[in-house]
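Residue-level structural notes
Next come the chains, spelled out residue by residue.
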Amino acid sequence: MDITIIGLGYVGLVNAIFLASLGNNIVGYDIDKNKISLLREGVVSIEEVGLQDLLDKFHKNLRFTSNYKDSIRNADNIFICVDTPSKEDGSVDLSNFYNVLDNIKNASNKDQNIIIKSTVPIGQNKLTKQYLEKDSLFKYEVISFPEFLSQGKALEGLINPYRMIFGVSSSNGANVAKRISQAYLTKKVPVMITSSENAELIKYASNCFLATKISYINNISQLCKACGADINKVSKAMSLDPRIGSEFLNAGIGFGGSCFPKDTKALINIEQRYGVDNSLLKSVMKINDDQISIFMNEFFSKFKRLSNLKIGILGVAFKGDCEDVRNSQATVIMRMLLDKNAKLTVYDPLAMDNCENLFSRHQHIKYVDYISDVLKDADVVFILNDCNEFKELKAYDFISLMKKPIIFDGRNLFKLEDMIGIEYHSIGRNVVLIK
Ligand code: UDX
């Protein structure tokens, strides 16, 4: 299949390279000329297991350009993969999306299939068709094809997706959707071809359900702390019931990243517009914010003055083993500490460059190459994401390197019984004190 992909961020790039590896002919467009020159040189700019290898092997099936006319004019199938961030009020900022539509209107010279991968509000598929066809000689088949990939596991998610969802409004649209699903060559995957409104809502409903699950367990973690129970034991026992399951049941400092916070805020806004009770999702966001305050209050009640402390930070990405610091709970905590004049020594295996850019080379942040540099002579260490490397640490590593081993673990990486000899603060569990 010949496919043009507009927007080579996470979703666009992973889909482009994956589809190319299956023999499809892909044109990838991005407005960012640096990104395009790197890709032309064969360099993948994001950390995703296996992606660079696929580009190395199948680059012949890919052409990268930052000339939108060149990418759009002769395209039959155009995937829109630009980001749709949150506005201040939580509603979806569609300016990038409409820029793409304007480019399509300017450049196309034939009927085209427009496939929406960007997350957009309900009704946007139909509005897109109207917008494109207004004063145009051409017809556009607009198909919603929401993306469910998870960073760090993106290729795995494309090879073995749980499901493929397409939103269409005609039988021709349904045929195009079938051809697209075949282009992914996935076997025995439920493919649902449904209305565009259903497809648009399925994306929000799925992400917000997972966010709700996290906030639910985090709310229970608050209760555990208050009554002396242990959230890890409680969630483990809950997860043995297959109706509940174990995924997205880890208590911590809350969810971040480019999807859950944005999509939850958007669905709150959408429900409000339709006059539907949105108090559940508002609570999901409130609990998510509260997790940080509760965690940090425990720290600030112990440490009043921070300027003379060496504070270590392990993990800045929004989740472990990924380079993305967008909406990371870790960076919120770092700002809270910096606002109180703290000096931070920071390590994350993949996210250091992005963190450095975010904090514009802040004079109170020192970036180091090893976990041991963070631990050495530290007064206190925060663990803020679930990198595999951090999980390997033992109590002895903290005891032998730190001034006095005091840990604030925002991701509950260790069993309480393994933290003997350390002052160990975590989420929804009793504090372990040094005897
Ligand atoms: C998520 C969805 O999983 C994916 O299907 C969708 O397409 C995009 O959003 P992603 O943002 O890559 O993917 O990360 P995910 O692994 O889902 O984690 C999101 C956040 O929730 C992270 O901050 C993570 O630390 C947090 N989380 C996750 C928890 O706090 N507890 C959990 O049990 C699971």
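To start, this report covers the structure provided alongside it. (Residues numbered from 1 in each chain as written. Predicted model: local features only at pLDDT ≥ 70, side-chain atom pairs only at ≥ 80, totals over all residues. Heavy atoms only, no water.)

What the protein contains, in helices and strands, is 17 helices and 14 strands. The C-alpha atoms of the protein give a radius of gyration of 24 Å, which matches the 22 Å a tight globule of 435 residues would have. Counting only C-alpha atoms, the protein reaches 75 × 50 × 40 Å along its principal axes. The buried share among the 435 residues of the protein stands at 54%. Within the protein, contacts between residues separated by at least 24 positions form 70% of all contacts whose residues are at least 6 apart in sequence. In the protein, 53 positive and 51 negative side-chain charges are present, and the distance between their average locations comes to 2 Å. (Helix = DSSP H or I, 4+ residues; strand = E, 2+ residues; numbered from the N terminus. Rg over C-alpha atoms; globule rule 2.2 N^0.38 Å. Buried < 20%, exposed > 50% of the residue type's maximum accessible area, 1.4 Å probe, protein only. Contact = heavy atoms within 4.5 Å. Lys, Arg positive; Asp, Glu negative; His and termini not counted. Charge placed at Lys NZ, Arg CZ, Asp CG, Glu CD.)

Mapped onto the secondary structure, Glu298 falls in helix α12 (residues 279–302). For Glu298, the side chain forms a polar contact with the side chain of His425, separated by 2.7 Å. If we ignore the near neighbours within four places in the chain, the residues touching Glu298 are Lys225, Phe408, His425 and Val431. (Polar contact = N/O pair within 3.5 Å; in protein donor to acceptor, adjacent residues only side chain to side chain.)

Right, let's get into the packing of aromatic side chains. Enumeration according to the criterion identifies 18 aromatic pairs in this entry. Both rings, one in Phe18 and one in Tyr184, keep their centres 6.1 Å apart while their planes meet at 35°; by these two values the pair is tilted. In this pair, Phe18 is assigned in helix α1 (residues 10–21) and Tyr184 in the loop between α8 (171–183) and β8 (191–195), connecting sequence segments 166 residues apart. Residue class for Phe18 comes out buried when judged on its relative accessible area of 5%. The interplanar angle of 80° and the centroid separation of 5.5 Å between the aromatic rings of Phe145 and Tyr184 together place this pair among those described as edge-to-face. In this pair, Phe145 sits in the loop between β6 (140–144) and α7 (154–159) while Tyr184 sits in the loop between α8 and β8, placing the two residues 39 residues apart along the sequence. Like Phe145, the residue Tyr184 is buried in the burial classification. A connected cluster of aromatic rings, assembled from ring pairs, spans Phe295, Phe299, Phe300, Phe303, Phe382 and Phe408. (Phe/Tyr/Trp six-rings, centres within 6.5 Å; stacked < 30°, edge-to-face > 60°.)

Of note, Glu48 is situated in the loop between α2 (33–40) and α3 (51–58). The buried charged residue Glu48 lacks any salt bridge partner; its closest oppositely charged side chain belongs to Lys319, at an N-O distance of 7.6 Å. If we skip the residues at most four places from it in the chain, Glu48 touches Tyr10, Val14, Gln151, Gly152, Lys153, Ala154 and Leu155. (Salt bridge = Lys/Arg side-chain N within 4 Å of Asp/Glu carboxyl O.)

Looking now at the pattern of salt bridges. Per the stated rule, a full pass over the model turns up 17 salt bridges. Taking the shortest distance from any N to any O, the salt bridge between Asp135 and Lys134 comes out at 3.8 Å. There is no split in this pair, since Asp135 and Lys134 are both exposed. We note a salt bridge from Asp290 to Lys286, for which the minimum N-O separation is 2.6 Å. Here Asp290 and its partner Lys286 are both found in helix α12, four residues apart, which amounts to about one turn of the helix. Residues joined by salt bridges that share partners form a network here, namely Lys129, Glu133 and Lys139.

A few words now on α12. The terminal C-alpha atoms of α12, which comprises 24 residues, lie 34 Å apart, in line with the 34 Å expected from a rise of 1.5 Å per residue. For α12, the set of buried residues is Leu281, Val284, Met285, Ile287, Asn288, Gln291, Ile292, Phe295, Met296, Glu298, Phe299 and Phe300. (Expected span 1.5 Å × (residues − 1).)

If you check the shell around the ligand, you find 18 residues, and the closest are Phe148, Leu149, Gln151, Asn250 and Phe318. In this structure, an oxygen atom belonging to the ligand sits 2.9 Å away from a main-chain N or O atom of Asn250. Within the backbone of Gly256, an N or O atom sits 3.0 Å from an oxygen atom of the ligand. Alone, the ligand offers 660 Å² of accessible surface; in the complex the protein occludes 90% of this. Considered class by class, the residues forming the shell around the ligand number nine nonpolar, six polar and three charged. (Near = heavy atom within 4 Å. Areas by Shrake-Rupley, 256 points an atom, 1.4 Å probe, with all protein chains shown as cover. Nonpolar A, V, L, I, M, F, W, Y, C, P; charged D, E, K, R; others polar.)

A separate point is the environment of Gly152. Within the secondary structure layout, Gly152 lies in the loop between β6 and α7. Relative accessible area serves as the criterion here: at 26%, Gly152 is assigned to the partly exposed category. Sequence spacing of Gly152 and Ala351 is 199 residues, and the spatial spacing of their C-alpha atoms is 13 Å. Not counting the four nearest positions on each side in its chain, Gly152 is found in contact with Tyr10, Glu48 and Val49.

Turning our attention to a negative patch on the surface. Together, Asp321, Asp386, Glu389 and Glu392 give the surface a local cluster of negative charge. Secondary-structure assignment places Glu392 in the loop between α16 (388–391) and α17 (395–401). With relative accessibility at 57%, the residue Glu392 sits in the exposed group. (Patch = residues over 30% accessible without salt bridge, like charges linked within 9 Å, V, L, I, M, F, W, Y side chains within 5 Å.)

Even without being a glycine, Asp135 presents a positive backbone phi close to 55°. You will see that Asn412, though not glycine, has its phi angle at about 45°, which is positive. With respect to the helices and strands, Asn412 occurs in the loop between β13 (406–409) and β14 (423–425). A relative accessible area of 9% means that Asn412 is categorised as buried.

With that settled, the discussion passes to the nonpolar core. Core analysis: the biggest nonpolar cluster contains 64 residues, and Phe299, Ile311, Ile313, Leu314, Leu337 and Phe382 have the highest contact counts within it. Leave out the neighbours within four places in its chain, and Leu337 touches Met296, Phe299, Phe300, Leu306, Ile311, Ile313, Ala342, Leu344 and Phe382. Ile36, Leu54, Phe64 and Phe166 belong to the second largest nonpolar core, which has 40 residues in total. (Core = buried A, V, L, I, M, F, W, Y, C linked by side-chain atoms within 4.5 Å.)

Bringing α1 into the picture now. The end-to-end C-alpha separation of α1 is 17 Å, in line with the 16 Å expected for twelve residues at 1.5 Å each. Counted residue by residue, α1 has eleven buried out of twelve residues, so it is predominantly covered. Looking one or two places after α1, you find Gly23, whose phi comes out positive at around 95°.

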